[in-house]
Amino acid sequence: MTSSRGHQGALGLGQAEKQLDRQIKAGTAIQGENPVDQEIIAASHEHASELDDIIVKYEE
């Protein structure tokens, strides 16, 4: 049992993140990876301006 509401919230967020990660992995296994998603993931590890370039590129 947790000792505070803040701690309960933190545990809930961690559980939600794990669930979302599992859903993403399941969707990717079923559908395959989208090239746009691959670029966004790669750019998320780079400087933020590079991510902005990808978003603008695909909004046009």
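Remember, predicted model here, so these are calculated numbers, not experimental data.

Focus: the overall build of the protein chain
Of the regular secondary structure elements, the protein chain holds three helices and zero strands. Considering the protein chain as a whole, with its 60 residues, one finds that 3% of them fall into the buried category. Summed over all atoms, the accessible surface of the protein chain reaches about 5,300 Å², with 56% contributed by carbon and sulfur.

Some points on the confidence of the model for the protein chain
Here the protein chain averages 75 in pLDDT, and 68% of its residues register 70 or above. Looking over the protein chain, one finds the lowest element-wise mean pLDDT in helix 3 (residues 48–59), namely 70, and the highest in helix 2 (residues 35–44), namely 80.

Remarks on the pattern of salt bridges
Taken as a whole and judged by the stated rule, the model has one salt bridge. With a closest N to O distance of 3.2 Å, Lys25 and Asp21 form a salt bridge. You can see Lys25 and its partner Asp21 sitting in helix 1 (residues 5–31), four residues apart, about one turn around the helix. A relative accessible area of 54% places Lys25 in the exposed class. Residue classification places Asp21 among the partly exposed residues on the basis of a relative accessible area of 35%.

Each value, and the rule that gives it
Residues numbered from 1 in each chain as written. Predicted model: local features only at pLDDT ≥ 70, side-chain atom pairs only at ≥ 80, totals over all residues. Heavy atoms only, no water. Helix = DSSP H or I, 4+ residues; strand = E, 2+ residues; numbered from the N terminus. Buried < 20%, exposed > 50% of the residue type's maximum accessible area, 1.4 Å probe, protein only. Areas by Shrake-Rupley, 256 points an atom, 1.4 Å probe, with all protein chains shown as cover. pLDDT = per-residue confidence, 0-100. Salt bridge = Lys/Arg side-chain N within 4 Å of Asp/Glu carboxyl O.

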